[in-house]
Structures are given as C-alpha cells and as structure tokens.
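Fold and contact review
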Amino acid sequence: MTEVSITRAKTGDVSATELAAFAARTFPDACPPSLPAGEIEAFIGANLSPAEFERHLAAAESAVFVAEAAGAVAGYALSVHGVHDAGPTEWAGERTAYLSKLYVDRELRGAGVAGRLLAAAVEAARTEGCAAIWLGVNSENARARAFYARSGMRVAGQRRFAVGSVECVDDLLAIPL
Ligand SMILES: CC(C)(COP(=O)(O)OP(=O)(O)OC[C@H]1O[C@@H](n2cnc3c(N)ncnc32)[C@H](O)[C@@H]1OP(=O)(O)O)[C@@H](O)C(=O)NCCC(=O)NCCS
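The structure contained in this document is the topic of the report that follows.

About the thresholds
Residues numbered from 1 in each chain as written. Predicted model: local features only at pLDDT ≥ 70, side-chain atom pairs only at ≥ 80, totals over all residues. Heavy atoms only, no water. Buried < 20%, exposed > 50% of the residue type's maximum accessible area, 1.4 Å probe, protein only. Helix = DSSP H or I, 4+ residues; strand = E, 2+ residues; numbered from the N terminus. Arc of directions from axis to C-beta. Contact = heavy atoms within 4.5 Å. Salt bridge = Lys/Arg side-chain N within 4 Å of Asp/Glu carboxyl O. Core = buried A, V, L, I, M, F, W, Y, C linked by side-chain atoms within 4.5 Å.

Details of helix α3 (residues 50-58)
Three or more residues of α3 are buried, namely F53, H56 and L57. The arc enclosing the buried residues of α3, seen along the axis, measures out at 100 degrees, which places them on a common side. Across from the buried face of α3, at angles greater than 90 degrees, the exposed residues are A51 and A58. Buried positions along α3 lie against α1 (16-26), β2 (62-69) and β3 (72-83).

Remarks on the pattern of salt bridges
Inspection of every chain in the model, using the stated rule, returns 10 salt bridges. Salt-bridge contacts for R159 lead to D170; the nearest nitrogen and oxygen are separated by 2.9 Å. Pair noted here: R159 is in strand β6 (residues 154-163) and D170 is in strand β7 (residues 166-176), with a separation of 11 residues, a long-range link. Ionic contacts of the salt-bridge type, sharing partners, join the residues D29, R106 and R109 into one network.

Description of the side chain of T96
Relative to the helices and strands, T96 is located in strand β4 (residues 95-104). Accessibility expressed as a relative area gives 3% for T96, which makes it buried. The residues touching T96, leaving out its near neighbours within four places in the chain, are V80, H81, G82, H84, W91, C130, A131, A132 and W134.

Description of the nonpolar core
Counting 30 residues, the largest nonpolar core has L99, L102, L117, I133, Y148 and M153 as the members making the most contacts within it. Every element with two or more residues in this core is listed here: β2, β3, β4, α4 (113-127), β5 (132-138), α5 (142-150) and β7. Among the elements that make up this core, the one with the highest residue count is α4 (eight residues). Excluding anything up to four places from it in sequence, M153 contacts L118, I133, L135, Y148, L173, A174 and I175. Core analysis: the second largest hydrophobic core is formed by 24 residues, F22, C31, L57 and V66 among them.

Take a look at the structure:
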C-alpha cells in the first residue's frame, strides 16, 4: 500500500510548478464530457498556473493541503477563507471557507486520500473561524457527488460557473461548522 502524507503547504514547502502541473492534469476529470477541450485549456491557463499556486501558497486566507506519495504530488485541496459573494445565501456576509479544488490522483481514488484532504480542509476552516465550508460541483460529476454526500455535505443552492467561455450550472454543497 502506498504511503500518502498530507500537509498544509506554504511558500517553499512544495513546488508551485509541480502543483500546477498536477492541477492541470486532473482538472479535466471534474468537467462534463461535453465541455470542449479548448475551454478547459483556457480555464487551466487562467486559474491553474504556477503563479496562481504561488499566490495561494503565500496568502494567509488560502489553505493548501498537499497529498504526497513517493515524493510526488498525489492530490491537493485548496480552500479560501473569507466573505464570498458567490457562496450559499444562507451564509451571506459571513466568513466561510470556499473549497475551490479537491483532486486526487486517479490511482489513489477510492483509497481514503480524498477523505483525509477534506477532513484537513474542514478542520482548518473550523479553527480559522469559518461558519461553513462549501463548494460547487457539476451535476454530471457523479463520483464527486457520491463522495461529498457520504462526507456529510448537503445541497445549499446553485451557481453559474464559467469554464472558458462556457457557463456551467453547479450545485453548491456545504457543511455548517
Ligand atoms: C472527487 C474525488 C476527490 C473523490 O475522491 P475518491 O477517492 O474518488 O472518493 P471515494 O472513492 O472515497 O468516493 C467516491 C464514491 O463514488 C462512488 N463512485 C465511484 N465511481 C462512480 C461513478 N462513476 N458514478 C457514481 N459513483 C461512483 C464510489 O463507490 C464512492 O461511493 P461510496 O463510498 O458510497 O461507495 C476524486 O474522485 C477526484 O479527484 N475526482 C476528480 C476531480 C474532481 O471531480 N474533484 C471534485 C471537483 S468538485
């Protein structure tokens, strides 16, 4: 069984270039099959660059958890703590944690790594005074939805989410803290 460590990473703890490459490789797995590759690439270029990860690793309001196996990035969770206009209306104006990304290497899915990453993000959100942790998930992402339901997340609204120039409708899921 592969040993997987999970740590909260700040600047210098992990290569932002490696993290960005992992994010770019795994992001398409969360997209509906109908989404054109060019739109996915546009999203990756704008949001998952090494510079974006450098920014999150340095930011006090960002919590980046990295799963590593055999010295390589095997998963990550990224949440942003603050007041979010696009979050569930239930917590409008309150400090919440937006779980922006949760990705696990294909080979390690079904092995509990996602649960450990989510638990770490939940704990950080609770410790840092957030009223809830929430995320947006595509309606066609059945595996992620099953995982979140088992993890205690409940539907808390909907949002429009742009991938490139295509607007997708995501369900918002949340855990009150
Ligand atoms: C979402 C993700 C982090 C979950 O991690 P995981 O290790 O796959 O999660 P688990 O295996 O613990 O749970 C997945 C659940 O989906 C079920 N499942 C597996 N394949 C499925 C499928 N094709 N359709 C529906 N359910 C499926 C599993 O049986 C399991 O449910 P169960 O525990 O009730 O049996 C991981 O799949 C991933 O990285 N996916 C790609 C990126 C992504 O979609 N991220 C989320 C964006 S919001």
